Amino acid sequence: MTSASAKPQRHVCVIGAGVVGCASAYALARRGWRVTLVDAQPDCGAGASFANGAQLSYCYVEPLATPAALRALPGWLARRDGPVRWHPRLEWAHWRWLAAFMLACRGAEVQRTTQALLALSFLSRDTLHQWLGELPRLAAAARHAVPGKLVVYRHAAARPAVERQLRSQRGAGCEQQIVGPRECVDLEPAIERALAQQLAFGVWTPSEEVIDAAALARGLAHASGATLRLCTRVQGVQSRGDLIEALLTDNGNIEADAFVVAAGAGSVALLRPLGLCLPIEPIKGYSVTLPIVQSAAAPRASVTDHGRKIVYARLGNELRVAGYAELAGAQTRLDDARIAALCHAAATSFPGACEVSEPRGWAGLRPATPGGRPLIGATAWSNLWLNTGHGGLGLTLAAGSALLLQEAMSGEPSRIDPAPYAPGR
């Protein structure tokens with residue numbers, strides 16, 4: 001019970017119970033906030049976090065918008081099985097995002113964004129390690145491991161650009177090395193049967209990690225002590241001046257001192273009625289989760305097939321295979337051809353490793369800003385905050401983004417410069 005002289009506990013309502021929202025809840029709860037978590041899904045981590053690529057790729061945060069991606073885009077789009085698909089939509093926001101994406105592909109902008117994302121990434125790594133130390137059971141439940149990451153390249157022509165990127169990132173603290181085909185096999189013996197003969201070189205990063213994003217989200221939500229309002233759809237807000245007084249939902253109103261929108265791609269529609277037009281495009285990605293039936297044939301390290309834009313992450317006795325990027329609006333329908341292609345990639349890259357006859361297929365929406373930087377911080381509304389727009393890096397950046405948000409909301413000094421992620425930048 002609060003005494004008359006004690007400061008009342010502040011109450012925050014976090015909208016979105018994915019890994020970013022649940023990390024926000026935990027970070028705020030650690031600093032004394034009382035938290036309510038709201039989500040339309042029946043469980044935490046059941047949306048875009050549910051079956052994502054599972055890689056904590058702290059040194060691989062270069063944005064999607066790069067000069068190389070812009071040059072490769074026509075070729076990708078021309079292939080029926082290409083890693084990128086585009087379904088043009090007659091929406092002004094869609095074309096505005098595409099124009100901003102092309103502008104973000106300039107070399108100097110890519111360099112600035114990469115450095116900003118590396119700073120946030122390393123903050124996230126250190127923060128998550130601290131949290132998992134506080135919650136040792138969560139580390140086991142979420143199948144956290146540090147197997148390292150091997151990115152494999154089939155074409156030697158790519159090597160000069162990769163060397164330049166590694167030199168740039170080395171100054172920011174990344175420990176990476178280029179390795180030859182034989183070294184690739186030594187680091188990850190599972191590639192010897194099929195992939196090794198196709199390789200020109202690889203990049204090895206020993207510090208990279210894996211974790212089950214959905215399990216992490218559930219664990220952080222539970223540890224935060226948050227009041228969960230699941231299966232609850234937001235219908236609007238009650239406001240006075242520049243103050244949000246209550247969240248209006250189909251399951252009753254929620255009053256709070258502050259509100260955080262961490263709803264991923266859903267943040268756009270949620271905030272449009274408030275006059276906030278977020279530069280976020282939903283980019284659909286796919287994954288399959290396959291049971292491992294021959295352990296020695298399955299990769300221990302995380303593996304990224306750079307040419308095919310497919311990632312492999314081992315989670316205990318399962319292999320998560322993820323890839324593709326589709327600009328097709330806010331829909332998550334499964335494309336059977338995409339699921340079959342991921343299974344085929346796993347079966348041919350790691351023959352005999354997995355049972356592929358009954359894959360657990362999934363599709364989710366990556367909330368992507370044009371240049372790749374998330375939106376973290378205050379809005380024009382005095383008690384409304386954002387933590388969204390992480391693209392494909394939501395899992396990697398969740399803990400650091402949550403800490404950055406908590407520091408801003410609590411009036412504390414930020415551990416890194418928050419300006420690159422400010423919503424109004």
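Look up: the structure comes first, before these words.
Below is a summary of the structure that appears in this document.

## So, the pattern of salt bridges
If you walk through the whole model with that rule in mind, you get 20 salt bridges. Between R89 and E281 there is a salt bridge, and its shortest N-O distance comes to 2.9 Å. Taken as a pair, R89 in the loop between β4 (84–86) and α3 (92–104) and E281 in strand β14 (residues 281–291) lie far apart in primary sequence, 192 residues in all. Take R89: its relative accessible area is 15%, and that puts it in the buried class. Linking R154 and D305 is a salt bridge whose minimum nitrogen-to-oxygen distance equals 2.5 Å. In this pair, R154 is assigned in the loop between β5 (149–153) and α6 (159–170) and D305 in strand β15 (residues 302–305), connecting sequence segments 151 residues apart. Since its relative accessible area comes to 1%, D305 is described here as buried. What emerges from the salt-bridge pattern is a single network uniting R85, K284, E326, D335 and R338.

## Side note on the nonpolar core
The biggest cluster of nonpolar side chains holds 59 residues, and the ones touching the most others in it are V12, L220, V260 and M409. At the level of elements, β1 (11–15), α1 (19–30), β2 (34–38), α4 (107–134), α5 (136–141), α8 (213–224), β13 (258–261) and α11 (394–409) are the ones that each hand at least two residues to this core. Beyond its immediate sequence surroundings of up to four residues, V260 is in contact with V12, C13, V14, I15, L28, W385, N387, L405 and M409. With 33 residues, the next largest nonpolar core counts I191, L199, I310 and A346 among its residues.

## With respect to unusual backbone geometry
One non-glycine residue, A54, adopts positive backbone phi at about 70 degrees. Phi is positive for R143, close to 55 degrees, though the residue is something other than glycine. Structurally, the position occupied by R143 is in the loop between α5 and β5. Take R143: its relative accessible area is 26%, and that puts it in the partly exposed class.

## A word on the sheet that holds β2
Read across the open sheet, the six strands follow the order β9-β2-β1-β13-β20-β19; overall the sheet is mixed. Whereas interior strands pair on both sides, the edge strands pair on one side only; in this sheet they are β9 (227–229) and β19 (375–378). Taken over all neighbouring pairs, the strand axes of this sheet differ in orientation by 20 degrees on average, direction set aside. Strands β1, β13, β19 and β20 (384–388) of the sheet are contacted by α11, whose axis makes an angle of about 165 degrees with β20.

## Observations concerning the packing of α1 against α11
When two helices pack together, their arrangement is captured by the angle between the axes and the distance separating the axes. Axis separation between α1 and α11 bottoms out at 8 Å; the angle between their running directions is 40 degrees. Of the possible angle classes, the one that applies to α1 and α11 is oblique. By crossing handedness, the relation of α1 to α11 is classed as right-handed. Packed against α1, whose contacting residues are V19, V20, A23, S24, A27 and L28, the element α11 presents G394, L395, A398, A399, A402, L403, L405, Q406 and M409 at the interface. The residue inventory of the contact of α1 with α11, partitioned by class, reads twelve nonpolar, three polar and no charged.

## Quick word on the sheet that holds strand β11 (residues 243–249)
Sheet strands line up and pair through hydrogen bonds in the backbone, either parallel or antiparallel. Read from one edge to the other, the open sheet built from three strands follows the order β10-β11-β12, with strand pairing classed as antiparallel. Both outer strands of the open sheet, β10 (234–240) and β12 (252–255), are each paired with one neighbouring strand and no more. The average undirected angle you get between the axes of adjacent strands in this sheet is 25 degrees. One ladder, built from six bridges, connects β10 with β11; its direction is antiparallel. Residue V234 lies in a different strand from β11, and its bridge partner there is T249.

## Some points on the layout of surface pockets
Roughly 290 Å³ of volume is contained in the second largest pocket. Considering the residues around the second largest pocket, the lining is formed by 15 residues, among which L73, L77, L98, F101 and L327 are closest to the centre. Listing elements by their share of the lining of the second largest pocket, those giving two or more residues are α2 (67–78), β4, α3 and β17 (318–327). Counting residues per element, the lining of the second largest pocket draws most heavily on α3, which supplies five residues. Its residues assigned to classes, the lining of the second largest pocket shows 15 nonpolar, no polar and no charged.

## Re the environment of L220
Residue position: L220 is located in helix α8. For L220, a relative accessible area of 1% gives the class buried. Excluding residues that lie within four positions of it along the chain, L220 makes contacts with C22, A23, Y26, W131, L135 and L138.

## Observations concerning the pairing of β13
Here β13 shows no split at all, with A258 and V260 on one side and F259 and V261 on the other all buried. Bridge analysis of β1 against β13 gives four bridges, and the strand direction is parallel. Among the inter-strand pairings, V12 is bridged to a residue of β13, identified as A258. Bridge analysis of β13 against β20 gives three bridges, and the strand direction is parallel. Directly across from V260, in β20, lies its bridge partner W385.

Cut-off values and rules
Residues numbered from 1 in each chain as written. Predicted model: local features only at pLDDT ≥ 70, side-chain atom pairs only at ≥ 80, totals over all residues. Heavy atoms only, no water. Salt bridge = Lys/Arg side-chain N within 4 Å of Asp/Glu carboxyl O. Helix = DSSP H or I, 4+ residues; strand = E, 2+ residues; numbered from the N terminus. Buried < 20%, exposed > 50% of the residue type's maximum accessible area, 1.4 Å probe, protein only. Core = buried A, V, L, I, M, F, W, Y, C linked by side-chain atoms within 4.5 Å. Contact = heavy atoms within 4.5 Å. Pairing = 2+ DSSP bridges. Axes fitted to C-alpha atoms, helices over the stretch in contact; angles between N-to-C directions. Parallel < 35°, antiparallel > 145°, perpendicular 65-115°, else oblique. Left-handed = near helix turned anticlockwise from the far one by under 90°. Nonpolar A, V, L, I, M, F, W, Y, C, P; charged D, E, K, R; others polar. 1 Å grid on protein atoms, 1.4 Å probe; cavity = no way out; pocket = protein on both sides within 12 Å on 5 of 7 lines; lining within 4 Å. Points joined across faces, edges and corners; volume = space filled by probe spheres on them.

That is the geometry; function is a separate question.
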